[in-house]
Amino acid sequence: YWWIMTNSECATQPSGDLLKAIESTWGDFTTFQSSFNNTAASVFGSGWTWLCVQDEKLTITKTANQINPLMSAADEECLPILGIDLWEHAYYLEYMWDRTSYLSSWWELVDWSVVAQFYSEYASQGNA
């Protein structure tokens, strides 16, 4: 999970095949971000929001508590390539109940080169 947030000089959005897949699904990166943020904001209590590959297409899903999309307990099983931790321990000390500000700041930390690697090397090929 933390690998997606390790590069202090990361790009502000993906490129290459991952960007093409995002644009194919959502039209543009800004619309994707908005959809991801809306899904994350809708998580009640603790949980996660995920960018996944399902049936060779990108999808956004959410899970409660410790569930992840690789588990049969998930509402939608898919291969996650990006996830955001929405448990209070992830943001409460700095953002308190302001999940919207947490989400906005989180995008600045995503290392899109790692997410793109997950997409190209694992999920887009159906490998878990």
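Conventions adopted
- Residues numbered from 1 in each chain as written.
- Predicted model: local features only at pLDDT ≥ 70, side-chain atom pairs only at ≥ 80, totals over all residues.
- Heavy atoms only, no water.
- Helix = DSSP H or I, 4+ residues; strand = E, 2+ residues; numbered from the N terminus.
- Contact = heavy atoms within 4.5 Å.
- Areas by Shrake-Rupley, 256 points an atom, 1.4 Å probe, with all protein chains shown as cover.
- Buried < 20%, exposed > 50% of the residue type's maximum accessible area, 1.4 Å probe, protein only.
- Polar contact = N/O pair within 3.5 Å; in protein donor to acceptor, adjacent residues only side chain to side chain.
- Arc of directions from axis to C-beta.
- Pairing = 2+ DSSP bridges.
- Axes fitted to C-alpha atoms, helices over the stretch in contact; angles between N-to-C directions.
- pLDDT = per-residue confidence, 0-100.
- Core = buried A, V, L, I, M, F, W, Y, C linked by side-chain atoms within 4.5 Å.
- Parallel < 35°, antiparallel > 145°, perpendicular 65-115°, else oblique.
- Phe/Tyr/Trp six-rings, centres within 6.5 Å; stacked < 30°, edge-to-face > 60°.

Asker: Is there a simple way to explain the overall build of the protein in this structure?
Answerer: Of regular secondary structure, the protein possesses five helices and three strands. Shown N-terminal to C-terminal, the secondary structure of the protein runs as helices and strands in the order α-α-β-β-β-α-α-α. Of all intrachain contacts in the protein linking residues separated by at least 6 positions in sequence, the fraction that spans at least 24 positions is 56%. In the structure as shown, the protein presents an accessible area of about 7500 Å², 49% of it carried by carbon and sulfur atoms.

Asker: Looking at this model, I keep getting lost on the side chain of Thr63. Mind explaining?
Answerer: Topologically, Thr63 is positioned in strand β2 (residues 57-64). Thr63 sits in the buried class, given a relative accessible area of 6%. A polar contact of 2.9 Å, which involves the side chain of Thr63, links it to the side chain of Trp50.

Asker: Explain helix α1 (residues 16-26) to me, please; I cannot follow it from the model alone.
Answerer: Each full turn of the α-helix corresponds to 3.6 residues, which orients residues three or four apart in the same direction. Within α1, the full set of buried residues consists of Leu18, Leu19, Ala21, Ile22 and Trp26. Seen end-on, α1 carries its buried residues on one side only, within an arc spanning 160°. Exposed positions of α1 whose direction lies more than 90 degrees from the buried face are Asp17, Lys20 and Ser24. In this structure, the buried side of α1 is in contact with α2 (29-41), β1 (47-54), β2, β3 (79-85) and α5 (112-121). Phi for Gly27, located one or two positions after α1, is positive at around 95°.

Asker: Just checking my understanding: could you explain the sheet that holds β3 for this structure?
Answerer: Strand-to-strand pairing in sheets goes through backbone hydrogen bonds, with the strands running parallel or antiparallel. The strand order across the open sheet formed by three strands is β2-β1-β3, and the pairing between neighbours is antiparallel. Looking at which strands have only one partner, the edges of the open sheet turn out to be β2 and β3. Pairwise comparison of adjacent strand axes, ignoring direction, gives a mean angle of 20° for this sheet. Against the sheet, α5 contacts β1, β2 and β3, and its axis sits at roughly 150° relative to β3.

Asker: Would you take a moment to explain the confidence of the model for the protein for this structure?
Answerer: Any region with low pLDDT has predicted coordinates that should not be read closely. Overall, the predicted model of the protein reaches an average pLDDT of 81, with 77% of residues at or above 70. At the low end of the mean pLDDT range in the protein sits helix α3 (residues 88-95), at 58; at the high end sits α1, at 95.

Asker: How should the nonpolar core be read in this particular structure?
Answerer: Inside soluble globular proteins, nonpolar side chains tend to come together where they are buried. Within the largest apolar cluster, 26 residues are counted, with the highest numbers of intra-cluster contacts made by Phe32, Phe36, Leu51, Leu58, Leu82, Trp107 and Trp112. When contributions to this core are tallied by element, the ones reaching two or more residues are α1, α2, β1, β2, β3, α4 (99-106) and α5. At five residues, the largest contribution of residues to this core is made by α1.

Asker: When you look at the packing of α1 against α2 in this model, what are you seeing that I'm missing?
Answerer: The axes of two packed helices give the description: the angle between them and the distance between them. At a closest axis distance of 8 Å, the pairing of α1 and α2 adopts a crossing angle of 75°. Between α1 and α2, the angle is such that the two are roughly perpendicular. The segment α1 lies against α2, with Leu19, Ile22 and Trp26 engaging Phe29, Thr31, Phe32 and Ser35.

Asker: Would you explain the packing of aromatic side chains in this entry?
Answerer: For any pair of aromatic rings, the description rests on two quantities: the centre-to-centre distance and the angle between the ring planes. The tally for this structure, following the rule as stated, stands at eleven aromatic pairs. Both rings, one in Phe32 and one in Phe36, keep their centres 5.9 Å apart while their planes meet at 55°; by these two values the pair is tilted. Residue Phe32 and its partner Phe36 are located together in helix α2, separated by four residues, close to a single helical turn. Like Phe32, the residue Phe36 is buried in the burial classification.

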